[in-house]
Amino acid sequence: MTLNQRKIELLQAFDEAQKIAFAPFIFKAVSVSKRTGLLNALGQSDTPLGVEALSEKTKLSVYAVSVLTDILSAAHVIVKVDGGYLLSKVGQCLIYDRMTEVNFDFSDLVNYLPLDHVQEALQSGKPAGLKTFDAHWQTIYPHLKELPAESRRAWFAFDHFHSDTAYQAALNLLKGLPVRYFLDIGGNTGRFTKLALQTWGEARACLVDLPEQIELMRQNPDLASLQSRIDASPVNWLDPNAMPNVRQSPDLIWMSQFLDCFSFDEAVSILKRVKALAVESEATIGILEPLVDRQRNASATLSIASSSLYFSCLANGNSKFFSSDELHAIIDKAGLSIQRIEEPIGIGHSLYLCH
């Protein structure tokens, strides 16, 4: 490597380091610009808009707009043209791309303040960031309906977007199974259950989750016509002896983005109990997870790896999105055998079919 090449690499590394150092400033500038309509104003304009025009459209002062446009321009979110500004391709992604929108809002409205407590969470193994919502909460899941309205919408939008993209693809692979009864473990508001009941028109479902989540499922208007085909079994899987109460042996036991809500040892314990449910009927066990080392590109890998801090700060303090090696080890330790792996499913999930 020549001296000139080393200098170029050093300058590139320096640039990346400064982006990290000032990442919170850039993030909040984008957040304010989204909330006040500044980015939308630029997106809706065919010609460059100056500071005064943006001030009029957003009701922000000229000073405020100048601060924001300086940051956004330096961060390549907007570009300066003929004395005004236009959205860059990055800016267009921030307001027009649905995945970027749900990821951004999840970071901003759910995680941003809790991340102040990430060191405490990682050192204690407890979701220390929950105190930003309520100091008495032990985990976030029983309290999702108690989150502030914007945070609740952002949480469900993030969860649903990434799950929904994979559900139909997974069911297209599973529809040939003779399913009469299936368990949806960690079924949340019942979105997979709905699609599965439509896929297997004569089947019944049993949604297994916390009592609070079952209540949300029962209130879900999208399931109104299907409620008579849905049983429910409230279970707190953190109790090592807890087992769902099911009316018949299942043909399929489904877990989507569920095991990542637990530590390695807790996930093994859960799968051992799931195995006991599956033995009599030789049920297929479906595990759908976004794995950190099985993503389509570097940005997706960064997104999944970063999202693990949500589990550290808010969910439970001791779980993460697993790597494929970690998930294989969990399945093996639970005494299950992997029959088939399908990936990628949806945006970036892996489907493990086990017996």
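Just above sits the structure.
How each quantity is defined
- Residues numbered from 1 in each chain as written.
- Predicted model: local features only at pLDDT ≥ 70, side-chain atom pairs only at ≥ 80, totals over all residues.
- Heavy atoms only, no water.
- Helix = DSSP H or I, 4+ residues; strand = E, 2+ residues; numbered from the N terminus.
- Buried < 20%, exposed > 50% of the residue type's maximum accessible area, 1.4 Å probe, protein only.
- Contact = heavy atoms within 4.5 Å.
- Disulfide = S-S within 2.5 Å.
- Phe/Tyr/Trp six-rings, centres within 6.5 Å; stacked < 30°, edge-to-face > 60°.
- 1 Å grid on protein atoms, 1.4 Å probe; cavity = no way out; pocket = protein on both sides within 12 Å on 5 of 7 lines; lining within 4 Å.
- Points joined across faces, edges and corners; volume = space filled by probe spheres on them.
- Patch = residues over 30% accessible without salt bridge, like charges linked within 9 Å, V, L, I, M, F, W, Y side chains within 5 Å.
- Areas by Shrake-Rupley, 256 points an atom, 1.4 Å probe, with all protein chains shown as cover.
- Salt bridge = Lys/Arg side-chain N within 4 Å of Asp/Glu carboxyl O.
- Lys, Arg positive; Asp, Glu negative; His and termini not counted.
- Pairing = 2+ DSSP bridges.
- Arc of directions from axis to C-beta.

Undergrad: So what exactly am I meant to see when it comes to the overall build of the protein here?
TA: Counting its secondary structure elements, the protein contains 14 helices and nine strands. Projected onto its principal axes, the C-alpha coordinates of the protein cover approximately 70 × 55 × 45 Å. For the protein, the residues scored as buried account for 47% of the 355 residues in total. Counting contacts in the protein only where the partners sit at least 6 residues apart, residues at least 24 apart contribute 67% of the total.

Undergrad: I would appreciate a short explanation of the state of the cysteines in the present structure.
TA: Every disulfide links exactly two cysteines, by a covalent bond between their sulfur atoms. Tallied over the entire structure, the rule returns zero disulfides. Unpaired in this structure, cysteine 261 has its nearest cysteine sulfur neighbour in cysteine 313, at a distance of 15 Å. A relative accessible area of 15% places cysteine 261 in the buried class.

Undergrad: Explain the packing of aromatic side chains to me, please; I cannot follow it from the model alone.
TA: Any two aromatic rings considered together are summarised by their centre-to-centre distance and by the angle between their planes. A full pass over the atoms with the stated rule returns 16 aromatic pairs. Here the aromatic rings of phenylalanine 27 and phenylalanine 104 are separated by 4.4 Å at their centres, their planes lie at 15°, and the arrangement is stacked. Separated by 77 residues along the polypeptide, phenylalanine 27 in helix α2 (residues 23-35) and phenylalanine 104 in helix α7 (residues 98-111) bring together distant segments of the chain. Here phenylalanine 27 matches phenylalanine 104 in class, with each residue buried. Ring geometry for phenylalanine 311 and phenylalanine 321: centres 5.1 Å apart, planes at 85°, overall edge-to-face. Of the two residues, phenylalanine 311 is situated in helix α13 (residues 298-315) and phenylalanine 321 in the loop between α13 and α14 (324-333); the sequence distance between them amounts to ten residues.

Undergrad: Teacher, can you tell me more about the layout of surface pockets here?
TA: Over the atoms, a rolled probe matching the size of one water molecule traces out where space is still vacant. Of the pockets and cavities examined, the second largest pocket occupies roughly 330 Å³. If you go around the second largest pocket, you meet 18 residues; those closest to its centre are Lys34, Arg35, Glu101, Asp105 and Leu109. Mapped onto the lining of the second largest pocket, the elements with two or more residues apiece are α2, α3 (38-43), α7 and α9 (149-174). Here the lining of the second largest pocket takes seven residues from α7, the largest share from any one element.

Undergrad: Where do I start with a nonpolar patch on the surface in this structure?
TA: Residues Leu115, Leu122 and Leu309 make up a contiguous nonpolar surface patch of roughly 240 Å² in combined accessible area. Turning to its location among the elements, leucine 309 is positioned in helix α13. Residue classification places leucine 309 among the partly exposed positions, given a relative accessible area of 34%.

Undergrad: Got a minute to help me understand the side chain of aspartate 209 in this structure?
TA: By secondary structure assignment, the location of aspartate 209 is in strand β4 (residues 204-209). Look at aspartate 209: it is buried, it has no salt bridge, and the nearest opposite charge is arginine 218 at 12 Å. Those residues in contact with aspartate 209 that lie beyond four places of it in its chain are Gly186, Gly187, Asn188, Ile214, Ser233, Pro234 and Val235.

Undergrad: So what exactly am I meant to see when it comes to the pairing of strand β8 (residues 338-345) here?
TA: The two faces of a sheet get side chains in turn, since along a regular strand they alternate between them. Two elements, β8 and strand β9 (residues 349-354), share five bridges in a ladder whose sense is antiparallel. Paired with arginine 340 across the two strands is leucine 353, which belongs to β9. Remark: three residues form the turn of the hairpin made by β8 and β9, two consecutive strands paired antiparallel; glycine 346 in that turn has positive phi of roughly 65°.

Undergrad: Would you mind going over helix α10 (residues 191-199) with me for this structure?
TA: One turn of an α-helix holds 3.6 residues; hence residues three or four places apart share an orientation. Every buried residue belonging to α10 is among Phe192, Thr193, Ala196 and Leu197, and all of these are buried. The buried residues of α10 occupy an angular sector of 130° when the element is viewed end-on, so they sit on one face.

Undergrad: Is there a simple way to think about unusual backbone geometry in this case?
TA: A negative phi holds for most residues other than glycine; trans holds for most peptide bonds. Here the amide bond leading from glutamate 343 into proline 344 is cis, since omega sits at -5°, within 30 degrees of zero. Inspection of the secondary structure puts proline 344 in strand β8. One non-glycine residue, histidine 76, adopts positive backbone phi at about 65°. We classify histidine 76 as exposed; its relative accessible area is 54%. For asparagine 188, which is not a glycine, the phi torsion comes out positive at approximately 55°.

Undergrad: Looking at this structure, how should I read the pairing of strand β2 (residues 84-87)?
TA: In this sheet, β2 lies alongside strand β1 (residues 78-81) in antiparallel orientation, the contact comprising four bridges. Note that in β2 the partner of lysine 80 across the bridge is tyrosine 85. Where β1 folds back on β2, the antiparallel hairpin that results is connected by two residues, among which aspartate 82 adopts a positive phi of roughly 50°.

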